[in-house]
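What follows is each chain in one-letter form.
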Amino acid sequence: MIEFHPVTKHIGAEVTGVDLRKPLSQEEVATLRAGWLKHLVLFFRDQPIDDDQHLQFALNFGTLNHPAFKKDSASPIHILDQTSPKGEGGDEWHSDNTFEPTPPMGSLLRCVQLPSVGGDTCWANTYLAYESLSKPIQRLCDELTAVHDITMSMKKAISKGHPFDLAEIQAKWPPIERPVVRVHAETGRKALFVNRASTTRLVGLSDRENEALLPFLIDHIRSPEFQLRLRWRPGTLAFWDNRPTQHYAVADYTERRRMHRVTINAFPEHADT
């Protein structure tokens, strides 16, 4: 029987009673989806699966999303293989690819190899980030939109030696406006939807107003009471909802860390309107 064991009061649960090497029944998929929507991040421990099993599990919940900067576009598996992660972009609180016209719905990240110590990942509940704001600030945020732009993260990647063509990338993904408060397509709950990696300014506000409000909103999401921290083990898979969460890869290691990820888009019936 599938069971969910919360790891904090507000976000995350470990799942037992399921073997990801085997196909899931419709009832099991429905149970897992309900638990995922409730807990926002699910952790599956001791799952010795291969890439194909990883992909098949992911496709129960959405359609395949090809990562924006994946070099091998033929493979659905994005391999994160790092020994010097500091400044690579994962070590900032973010939701994935909010600069895209339709950001991915979720990701499933599997641990393959770890350094001897370090390499944890943190997640934050952005429903709670919104709900904990005062009512006047909530009402203000409800009315605002923000610009999401790939330029900041690309300049950082280029400075780390990645051979990206900034002008080409900016042409492919021009800046886009999004609501500061996102309404979840499945739960109807409101979540704060700005992040340090991609959000550059609040539309319609002066420079001085931006300098005061945007850093506050971004920093607010880092409050510890909204968060959890996962200590990985090989064979652990994390499945998170990209819509009401942000995550942060702790860059505290200098040994090899290898993770495999599948990213998914929403099925049409679960997509934003």
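Preceding this paragraph is the structure being described.
None of these values were measured; they are calculated from a predicted model.

This next bit is on the overall build of the protein. Summing up its helical and strand segments, the protein has seven helices and 16 strands in all. At 18 Å, the protein has a C-alpha radius of gyration in line with the 19 Å of a compact globule built from 273 residues. Oriented by its inertia axes, the alpha-carbon framework of the protein measures out at about 55 × 40 × 35 Å. For the protein, buried positions account for 50% of its 273 residues. Computed over 32 positive and 35 negative side-chain charges, the separation of the two mean positions in the protein equals 3 Å.

Here we come to the sheet that holds strand β7 (residues 121-125). The sheet built from three strands is open, its strands ordered β13-β7-β15 with antiparallel pairing. Strand pairing shows two members of the sheet lacking a second neighbour, β13 (227-230) and β15 (245-249), which therefore form its edges. Recorded for the sheet is a direction-independent mean angle of 20° between the axes of neighbouring strands. Pairing between β7 and β15: five bridges, direction antiparallel. Its bridge partner lying in β15, Asn125 is registered against Thr245.

A separate point is the state of the cysteines. Using the criterion set out here, one finds zero disulfides in the structure. Of all cysteine sulfurs, the one in Cys111 lies closest to Cys122, which takes part in no disulfide; the gap is 15 Å. Taking relative accessible area as the criterion, Cys122 reaches 8% and is therefore assigned buried.

Here we have three strands laid out as an open sheet, ordered β9-β8-β12, and antiparallel in their pairing. At either end of the open sheet lies a strand with only one pairing partner, and these are β9 (176-179) and β12 (199-202). Ignoring which end each strand starts from, the neighbouring axes of this sheet average 35° apart. Here strand β8 (residues 145-148) pairs with β12 via three bridges, running antiparallel. Considered in β12, the bridge of His148 is made with Thr199.

Our next topic: the packing of aromatic side chains. Per the stated rule, a full pass over the model turns up 10 aromatic pairs. Taken together, a centroid distance of 6.4 Å and an interplanar angle of 75° make the contact between Phe57 and Phe239 edge-to-face. On the criterion of sequence distance, the pair formed by Phe57 in helix α2 (residues 51-58) and Phe239 in strand β14 (residues 237-241) is long-range, its members being 182 residues apart. Judged by centre distance (5.6 Å) and plane angle (40°), the ring pair of Trp93 and Tyr248 falls under tilted. Here the residue Trp93 occupies a position in the loop between β5 (78-82) and β6 (106-113), and Tyr248 occupies one in strand β15, the gap between them amounting to 155 residues.

Counted under the stated rule, the structure contains 15 salt bridges. As a salt-bridge pair, Arg256 and Asp81 come within 2.5 Å of each other at their nearest N and O atoms. Of this pair, Arg256 sits in the loop between β15 and β16 (257-265) while Asp81 sits in strand β5; the two residues are 175 residues apart in sequence, bridging distant segments of the chain. A salt bridge links Arg182 to Asp272, with the shortest nitrogen-to-oxygen separation between them at 2.6 Å. Separated by 90 residues along the polypeptide, Arg182 in strand β10 (residues 181-183) and Asp272 in the segment after β16 bring together distant segments of the chain.

Scoring rules and cut-offs
- Along every chain, residues carry numbers that run from 1 in the direction the sequence is written.
- Per-residue local features of the predicted model are confined to residues with pLDDT of at least 70, and side-chain atom pairs are confined, for both listing and counting, to 80 or more; whole-chain, interface and lining totals are unaffected and use all residues.
- Processing note: side-chain calculations cover all non-hydrogen atoms of the structure and skip hydrogens and water entirely.
- Here a strand is any run of E in DSSP of at least two residues, a helix any run of H or I of at least four, and the numbering for each starts at the N terminus.
- Our radius of gyration looks at C-alpha atoms and nothing else; its globule reference is 2.2 Å times the residue count to the power 0.38.
- Accessibility here uses a 1.4 Å probe with only protein chains present; expressed as a share of the type maximum, an area under 20% marks a residue as buried, one over 50% as exposed, and anything in between as partly exposed.
- Counted as positive: Lys and Arg. Counted as negative: Asp and Glu, with His and the chain ends omitted from the count.
- A single reference atom marks each charge: NZ on Lys, CZ on Arg, CG on Asp, CD on Glu.
- Two strands are said to pair when DSSP picks up at least two bridges between them.
- Note on definitions: angles span 0 to 180 degrees between N-to-C directions of axes, and those axes are lines fitted to C-alpha atoms, for helices only across the stretch in contact.
- By disulfide we mean two sulfur atoms from cysteines, separated by a distance within 2.5 Å.
- When two rings of Phe, Tyr or Trp (its six-membered ring) have centres within 6.5 Å they constitute a pair, described as stacked for plane angles under 30 degrees, edge-to-face for angles over 60, and tilted for the intermediate range.
- Note on definitions: salt bridges are taken to be side-chain nitrogens of Lys or Arg within 4 Å of carboxyl oxygens of Asp or Glu.

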